[in-house]
Every structure is written in C-alpha cells, then in structure tokens.
Amino acid sequence: MRRVWKSRMPSTAAMAAALLSMTSACGQPEPPRTASDFCLVSKRLTAEPAPAAGQDDPGNRFDTDETFAEIVGHNQVYDRLCINR
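A brief look at the structure comes next.

Parameters at a glance
Residues numbered from 1 in each chain as written. Predicted model: local features only at pLDDT ≥ 70, side-chain atom pairs only at ≥ 80, totals over all residues. Heavy atoms only, no water. Helix = DSSP H or I, 4+ residues; strand = E, 2+ residues; numbered from the N terminus. Buried < 20%, exposed > 50% of the residue type's maximum accessible area, 1.4 Å probe, protein only. Contact = heavy atoms within 4.5 Å. Polar contact = N/O pair within 3.5 Å; in protein donor to acceptor, adjacent residues only side chain to side chain. Expected span 1.5 Å × (residues − 1). Arc of directions from axis to C-beta.

Structural notes on the side chain of Asn 75
Turning to step 1, where the next piece is worked out: Following the sequence through the fold, Asn 75 ends up in helix α3 (residues 65-82).
Turning to step 2, where the next piece is worked out: For Asn 75, a relative accessible area of 8% gives the class buried.
Turning to step 3, where the next piece is worked out: Apart from residues lying up to four places away in sequence, Asn 75 is in contact with Lys 43, Arg 44 and Leu 45.

A few points about the side chain of Ser 42
Turning to step 1, where the next piece is worked out: One can find Ser 42 in the loop between α2 (38-41) and α3.
Turning to step 2, where the next piece is worked out: Within the structure, Ser 42 has its side chain in polar contact with the side chain of His 74 (distance 3.3 Å).
Turning to step 3, where the next piece is worked out: Among residues more than four places away in sequence, those in contact with Ser 42 are His 74 and Tyr 78.

Some words on α3
Turning to step 1, where the next piece is worked out: Between its first and last C-alpha, α3 extends 25 Å over 18 residues, near the 26 Å set by a 1.5 Å rise per residue.
Turning to step 2, where the next piece is worked out: Of all the residues in α3, the buried ones are Ile 71, Asn 75, Tyr 78 and Cys 82. Looking straight down α3, one finds that the buried residues subtend no more than 65° of arc, so they occupy a single side. In α3, the exposed residues that point more than 90 degrees away from the buried face are Asp 65, Glu 66, Glu 70, Gln 76 and Arg 80.
Turning to step 3, where the next piece is worked out: Tucked into the core, α3 has its buried residues touching α2.

Encoded structure:
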C-alpha cells in the first residue's frame, strides 16, 4: 500500500507572522537630511551699518542696528545650514 503525504498549508497567522518578520528585518534607508527649501531660495544678505552711532543718513544708505543684527543672524543660520552641503 502506498502512503500519500498530505501537504499542510501553514495557518494564516503563521504566514502573516513570517511576512511581517521578513519585512521588518530589512531596515529602511534613512532619508537624506535637508534644510527644507531654505538653501534653495535663500542667500547671504549684505548689510551696511552706519559708521558711527547717531550719524545722519539722508539717503537712507545705512541699515539700522536692529536690521543689521537680524541680517547677521540670518547669515549665521545660512552658513550653518547651507555652506558646503
């Protein structure tokens, strides 16, 4: 008499566990770190502070102290995020 082996299908839970273990075993590559679009749309700003405090500026050529401080801050951020990237 010939013996016939029945093929046993794994249970659905076993198949799901095997599938999940295979997909989670491979790590996903880390996406590249970017500084959003800031480096694409921004640039270093130029500033021209007044040579002396309280100097008359009839042609409005000089930046105020507040504007100059903001420009310096902007340029520091730009240098940190965008230069040599």
